[in-house]
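Single-letter residue listing:
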Amino acid sequence: RSWRALRRAAEHLPASYADLACEVLARYGERTYWPRTWIANHIFFHEAGGYGKDEFSNPVAHSNDLLKHRAYPDLWKRTPRPLFSLLEKARSDRPRQFAADALKADFRASLREVEPAWVVRLVDVHSRPVDALIVWILSNVPRFEQSAFRSLGLHEAVLKLFDSPSDEARAYAAGYARTHARDLPVDELIRLADNDNAAVRKLAADLLGARDPRAEVGLEAWGRLLNTRHGSKLAGEVISKHFSAKELTPDWFQSHLFTDNRE
């Protein structure tokens with residue numbers, strides 16, 4: 001019934017089709033098994049055919065190209081408004097990916113007009129395709145010069161990308177911080193030194209290395225890094241080089257010997 005309602009919207013109220021389709025897509029949860037969905041697969045792959053009255057069995061339903069066979073492609077190109085809304089309202093990444101791909105394919109001019117406050121809101125969605133779109137916007141909109149991020153209110157939002165599900169976004173944040181956020185607090189650098197992303201870890205190691213290991217970082221911070229997966233080697237090298245038996249007391253060893261970190 002829902003798919004018939006979407007078809008009626010497309011045939012009789014074409015301006016409403018994209019709005020209604022996005023409202024439906026926004027309801028799918030992250031645990032959805034997409035190849036078995038009925039309405040979503042029609043929205044994404046209707047033009048590919050290969051479906052019956054009970055199931056959508058076309059192999060294309062496993063594809064990550066969500067635009068090539070989408071239903072009523074011309075109706076999606078009328079306005080970006082439903083797609084902008086879907087980025088924020090969707091409960092799962094596949095509809096967000098669809099919205100991001102459609103915006104870049106059909107509405108690049110609209111993306112170049114977005115406001116910084118909207119980008120800040122998108123960062124809080126914490127989604128891989130959304131964060132990748134953010135990086136695209138920040139890299140392609142001329143007025144979003146990195147040197148202006150603080151005045152535009154984007155500085156803190158970009159730093160949140162250190163924890164993005166997108167490796168591309170994490171690397172972008174690291175590149176930005178290397179020039180524009182070298183004053184990151186020691187506690188944050190210790191945390192970032194254990195990041196899963198190599199570019200973020202390299203940034204943290206370089207910024208820590210630029211500070212006095214004793215006066216500006218301190219043994220306590222290096223000790224915390226020693227007990228991490230990715231930062232243990234760096235911390236061990238610094239502690240061995242810059243700290244002596246005066247600081248490495250029996251109490252210090254006792255506090256670090258019985259941890260869960262095998263390193």
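This section reports on the structure supplied with the text. (Residues numbered from 1 in each chain as written. Predicted model: local features only at pLDDT ≥ 70, side-chain atom pairs only at ≥ 80, totals over all residues. Heavy atoms only, no water.)

### As for the overall build of the protein
Okay, so step 1: Each helix and strand counted, the protein has 18 helices and zero strands in total.
Okay, so step 2: A compact globule built from 263 residues should have a C-alpha radius of gyration of about 18 Å, whereas the protein, at 24 Å, is more than 25% larger.
Okay, so step 3: Each of the three principal axes of the protein carries a C-alpha extent, and together these read 80 × 40 × 20 Å.
Okay, so step 4: Across the 263 residues that make up the protein, the buried fraction comes to 48%.
Okay, so step 5: Pairs at least 24 residues apart make up 62% of the contacts formed inside the protein by residues separated by at least 6 positions.
Okay, so step 6: Of the roughly 13900 Å² of accessible surface on the protein, 49% is carried by carbon and sulfur atoms. (Helix = DSSP H or I, 4+ residues; strand = E, 2+ residues; numbered from the N terminus. Rg over C-alpha atoms; globule rule 2.2 N^0.38 Å. Buried < 20%, exposed > 50% of the residue type's maximum accessible area, 1.4 Å probe, protein only. Contact = heavy atoms within 4.5 Å. Areas by Shrake-Rupley, 256 points an atom, 1.4 Å probe, with all protein chains shown as cover.)

### What to know about the side chain of serine 164
Okay, so step 1: Mapping serine 164 onto the fold places it in the loop between helix H11 (155–160) and helix H12 (167–180).
Okay, so step 2: Here serine 164 falls in the buried class, since its relative accessible area comes to 0%.
Okay, so step 3: Once residues within four sequence positions are removed from consideration, serine 164 is found in contact with His126, Asp131, Ala169 and Arg170.

### A look at a nonpolar patch on the surface
Okay, so step 1: Where nonpolar side chains cluster on the molecular surface, the patch consists of Phe253, Leu257 and Phe258 and spans about 390 Å² of accessible area.
Okay, so step 2: Summarising the element assignment, leucine 257 is placed in helix H18 (residues 250–257). (Patch = residues over 30% accessible without salt bridge, like charges linked within 9 Å, V, L, I, M, F, W, Y side chains within 5 Å. Salt bridge = Lys/Arg side-chain N within 4 Å of Asp/Glu carboxyl O.)

### What to know about helix H14 (residues 198–209)
Okay, so step 1: The end-to-end C-alpha distance of H14 is 16 Å, a good match for the 16 Å that 12 residues give at a rise of 1.5 Å each.
Okay, so step 2: Listed as buried for H14 are Val200, Leu203, Ala204, Leu207 and Leu208. The buried residues of H14 occupy an angular sector of 125° when projected down its axis, which confines them to one face.
Okay, so step 3: Of the surrounding secondary structure, the elements contacted by the buried residues of H14 are H12, helix H13 (186–192), helix H15 (213–217) and helix H16 (219–226).
Okay, so step 4: Between a side-chain oxygen at the N-terminus of H14 and the backbone nitrogen of alanine 199 the separation is 2.9 Å; the capping residue is asparagine 197. (Expected span 1.5 Å × (residues − 1). Arc of directions from axis to C-beta. Polar contact = N/O pair within 3.5 Å; in protein donor to acceptor, adjacent residues only side chain to side chain.)

### Comments concerning the packing of aromatic side chains
Okay, so step 1: Summed over the entire model, instances satisfying the criterion amount to 10 aromatic pairs.
Okay, so step 2: With a centroid separation of 5.0 Å and 80° between ring planes, the pair formed by tryptophan 76 and phenylalanine 98 is classed as edge-to-face. Linking tryptophan 76 in helix H4 (residues 73–76) with phenylalanine 98 in helix H6 (residues 93–106), this pair joins segments that are 22 residues apart in sequence. Judged on exposure class, the residue tryptophan 76 and its partner phenylalanine 98 are both buried.
Okay, so step 3: Taking 5.1 Å as the distance between ring centres and 85° as the angle between the ring planes, the aromatic pair formed by tryptophan 252 and phenylalanine 253 counts as edge-to-face.
Okay, so step 4: For tryptophan 252, a relative accessible area of 12% translates into the label buried.
Okay, so step 5: Here the aromatic cluster, defined as three or more aromatic residues joined through ring pairs, consists of Tyr17, Tyr28, Trp34, Phe44, Phe45, Tyr72, Trp76 and Phe98. (Phe/Tyr/Trp six-rings, centres within 6.5 Å; stacked < 30°, edge-to-face > 60°.)

### Overview of the layout of surface pockets
Okay, so step 1: The volume enclosed by the largest pocket comes to roughly 170 Å³.
Okay, so step 2: Forming the walls of the largest pocket are Leu226, Asn227, Trp252, Phe253, His256, Leu257, Thr259, Asn261 and Glu263.
Okay, so step 3: Here the element with the most residues in the lining of the largest pocket is H18; it accounts for four residues.
Okay, so step 4: Looking at the lining of the largest pocket residue by residue, the class counts come to four nonpolar, four polar and one charged. (1 Å grid on protein atoms, 1.4 Å probe; cavity = no way out; pocket = protein on both sides within 12 Å on 5 of 7 lines; lining within 4 Å. Points joined across faces, edges and corners; volume = space filled by probe spheres on them. Nonpolar A, V, L, I, M, F, W, Y, C, P; charged D, E, K, R; others polar.)

### Topic: the environment of alanine 102
Okay, so step 1: If you trace the backbone, alanine 102 turns up in helix H6.
Okay, so step 2: Given the relative accessible area of 0%, alanine 102 is considered buried.
Okay, so step 3: Between the C-alpha atoms of alanine 102 and lysine 241, which are 139 residues apart in sequence, the distance is 53 Å.
Okay, so step 4: Excluding residues that lie within four positions of it along the chain, alanine 102 makes contacts with Leu67, Arg70, Leu83 and Phe107.

### Quick notes on the side chain of glutamine 97
Okay, so step 1: Among the structural elements, glutamine 97 can be located in helix H6.
Okay, so step 2: By relative accessible area, which is 19% here, glutamine 97 ends up buried.
Okay, so step 3: If we ignore the near neighbours within four places in the chain, the residues touching glutamine 97 are Leu66, Arg128 and Pro129.

### Observations regarding the packing of H12 against H14
Okay, so step 1: Where H12 meets H14, the axes come as close as 8 Å, and the angle between the chain directions of the two elements is 20°. The orientation of H12 relative to H14 falls into the category roughly parallel. Remark: the crossing between H12 and H14 carries left-handed chirality. From H12, Arg170, Ala171, Ala174, Ala177 and Arg178 reach across to H14, where they touch Ala199, Val200, Lys202, Leu203 and Asp206.
Okay, so step 2: For the contact of H12 with H14, a count of residues per class yields six nonpolar, no polar and four charged. (Axes fitted to C-alpha atoms, helices over the stretch in contact; angles between N-to-C directions. Parallel < 35°, antiparallel > 145°, perpendicular 65-115°, else oblique. Left-handed = near helix turned anticlockwise from the far one by under 90°.)

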